[in-house]
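Chain by chain, the residues run as shown.
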Amino acid sequence: MDKYRNKLLRRLVVFALLFSALCTACSKPAETAAADAKKEDMIAEYLAPVQEEADSYFADLAEIAAGSRPEEVRISLRNVDADILKESKSLSELLTDTYPVLLVGFISASEKGYSDDEIRAIILEAKERALIVDLYFNYNDDYIYQVHSDGVVIDKATGKDGGTMRERIDYDLTENREKKDE
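Residues numbered from 1 in each chain as written. Predicted model: local features only at pLDDT ≥ 70, side-chain atom pairs only at ≥ 80, totals over all residues. Heavy atoms only, no water.

A. Molecular detail of helix H4 (residues 116-128). Relative to the 18 Å expected for 13 residues at 1.5 Å per residue, H4 spans 18 Å between its end C-alpha atoms, a close match to the ideal helical length. Every buried residue of H4 is accounted for by Glu118, Ile119, Arg120, Ile122, Ile123, Glu125 and Ala126. Note on H4: the residue one or two positions beyond its end, Ala130, has a positive phi of about 60°. (Helix = DSSP H or I, 4+ residues; strand = E, 2+ residues; numbered from the N terminus. Expected span 1.5 Å × (residues − 1). Buried < 20%, exposed > 50% of the residue type's maximum accessible area, 1.4 Å probe, protein only.)

B. Broad picture of a negative patch on the surface. A cluster of acidic residues, Asp36, Glu40, Asp41 and Glu45, forms a negative patch at the surface. Within the secondary structure, Glu45 is located in helix H1 (residues 2-66). The exposure class assigned to Glu45 is exposed, which follows from its relative accessible area of 64%. (Patch = residues over 30% accessible without salt bridge, like charges linked within 9 Å, V, L, I, M, F, W, Y side chains within 5 Å. Areas by Shrake-Rupley, 256 points an atom, 1.4 Å probe, with all protein chains shown as cover. Salt bridge = Lys/Arg side-chain N within 4 Å of Asp/Glu carboxyl O. Lys, Arg positive; Asp, Glu negative; His and termini not counted. Charge placed at Lys NZ, Arg CZ, Asp CG, Glu CD.)

C. Expanded view of the packing of aromatic side chains. Scanning the entire structure with this criterion turns up six aromatic pairs. Taking the centre distance of 5.9 Å and the plane angle of 80° together, the rings of Phe58 and Phe106 count as edge-to-face. In this pair, Phe58 sits in helix H1 while Phe106 sits in strand E2 (residues 102-107), placing the two residues 48 residues apart along the sequence. By relative accessible area, which is 0% here, Phe58 ends up buried. For Phe106, a relative accessible area of 0% translates into the label buried. For the pair Phe137 and Tyr145, a centre-to-centre distance of 5.5 Å together with 70° between the ring planes defines the contact as edge-to-face. Under the relative-accessibility criterion, Phe137 is labelled buried at 3%. An aromatic cluster of at least three residues, connected via ring pairs, comprises Tyr57, Phe58, Phe106, Tyr114, Phe137, Tyr145 and Tyr171. For Arg129, the ring lying beneath its charged end belongs to Tyr57, and the centroid distance is 5.1 Å. (Phe/Tyr/Trp six-rings, centres within 6.5 Å; stacked < 30°, edge-to-face > 60°. Lys NZ or Arg CZ within 6 Å of the ring centre and 35° of its normal.)

So yeah, pure geometry; function would need other evidence.
Here it is as structure tokens:
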């Protein structure tokens, strides 16, 4: 009888531990999701005063560089914490900050999306204006073009670990398109 009781007790303990671990694992995503939603709300509130100005600024930049206005420009912040959100900044401050936190999505002006040449032209226009910003195009945030004062880097999702790993690739601004066609 003791053997049966010990076996039953062990099973109950293992079951209780598994149940506890499962409940703990299930509760964390809800907390994370709530924290992410709160952070997104804080970012939206932070960007609200500059949203319209930023939309217009980047639509004009795309039109000058690529010849067509984007249907939509999405503005968000990247890699920010609550401390950064305490002090509001103007659009010009966000665009010249040492570390690019402003994430700008150019939604293409047509269904075909921006071509590589149009993307290059927009990046060159951003560099000419001395902007420090992260750009993504055509609803594709797998490739984020990070424009810095010392060059441009593509932050590319690698597909490893479900797309969470990223690779940094130097973007050659001096590349001659005609040379490539030969």
